[in-house]
Amino acid sequence: MRQELAKTLTYLSIHLTIGFTVAYLMTGSWQIAGGIAIIEPCINAVAFFFHERAWKFDWAAWKRDRSLPV
């Protein structure tokens, strides 16, 4: 668990650094770059949640249920 937390935190720091750097290079504004570097990972976290849900969804059962006559 400790290693997983350390890995998560180091990945987050890399992600924030890259996001900030790219946004700063594109805009020239550290305020805008900071905002993007904070907001973008939050949006990605929400997107990842739904991505994981989609991977766990039983698509075969859904398809089977939709093919049944009503």
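Quick caveat: nothing in here was measured; it's all calculated off a predicted structure.

For the structure shown, the criterion picks out four aromatic pairs. Where F49 meets F50, the ring centres are 5.2 Å apart and the plane angle is 80 degrees; that geometry is what we call edge-to-face. Note on F50: relative accessible area 54%, which makes it exposed. Each ring, one from W59 and one from W62, has its centre 5.7 Å from the other, and the planes form 85 degrees; the classification is edge-to-face. Note that W59 and W62 are positioned in helix 3 (residues 59-67) at a spacing of three residues, about one turn of the helix.

Looking now at the environment of W55. Within the secondary structure layout, W55 lies in helix 2 (residues 30-56). For W55, a relative accessible area of 67% gives the class exposed. Within the structure, the side chain of W55 is placed 3.1 Å from the side chain of H51, a separation counted as a polar contact.

This brings us to the environment of T21. Assignment of secondary structure puts T21 in helix 1 (residues 2-27). Residue classification places T21 among the partly exposed residues on the basis of a relative accessible area of 37%. Sequence separation between T21 and G34 is 13 residues, and the spatial gap between their C-alpha atoms is 9.2 Å.

The next thing to look at is the packing of helix 1 against helix 2. Contact pair helix 1 / helix 2: the axes reach a minimum separation of 8 Å and the direction vectors enclose 135 degrees. Considering the angle they form, helix 1 stands oblique to helix 2. In the crossing of helix 1 with helix 2, the sense of the turn from one axis to the other is right-handed. In this structure, helix 1 uses H15, L16, G19, F20, A23, Y24 and T27 to contact helix 2, whose residues at the interface are W30, I32, A33, G34, I36, A37, E40, P41 and N44. In terms of residue class, the contact of helix 1 with helix 2 is made up of ten nonpolar, five polar and one charged.

Conventions adopted
- Residues numbered from 1 in each chain as written.
- Predicted model: local features only at pLDDT ≥ 70, side-chain atom pairs only at ≥ 80, totals over all residues.
- Heavy atoms only, no water.
- Phe/Tyr/Trp six-rings, centres within 6.5 Å; stacked < 30°, edge-to-face > 60°.
- Buried < 20%, exposed > 50% of the residue type's maximum accessible area, 1.4 Å probe, protein only.
- Helix = DSSP H or I, 4+ residues; strand = E, 2+ residues; numbered from the N terminus.
- Polar contact = N/O pair within 3.5 Å; in protein donor to acceptor, adjacent residues only side chain to side chain.
- Axes fitted to C-alpha atoms, helices over the stretch in contact; angles between N-to-C directions.
- Parallel < 35°, antiparallel > 145°, perpendicular 65-115°, else oblique.
- Left-handed = near helix turned anticlockwise from the far one by under 90°.
- Contact = heavy atoms within 4.5 Å.
- Nonpolar A, V, L, I, M, F, W, Y, C, P; charged D, E, K, R; others polar.

Everything listed is a geometric property; what it means functionally is a separate question.
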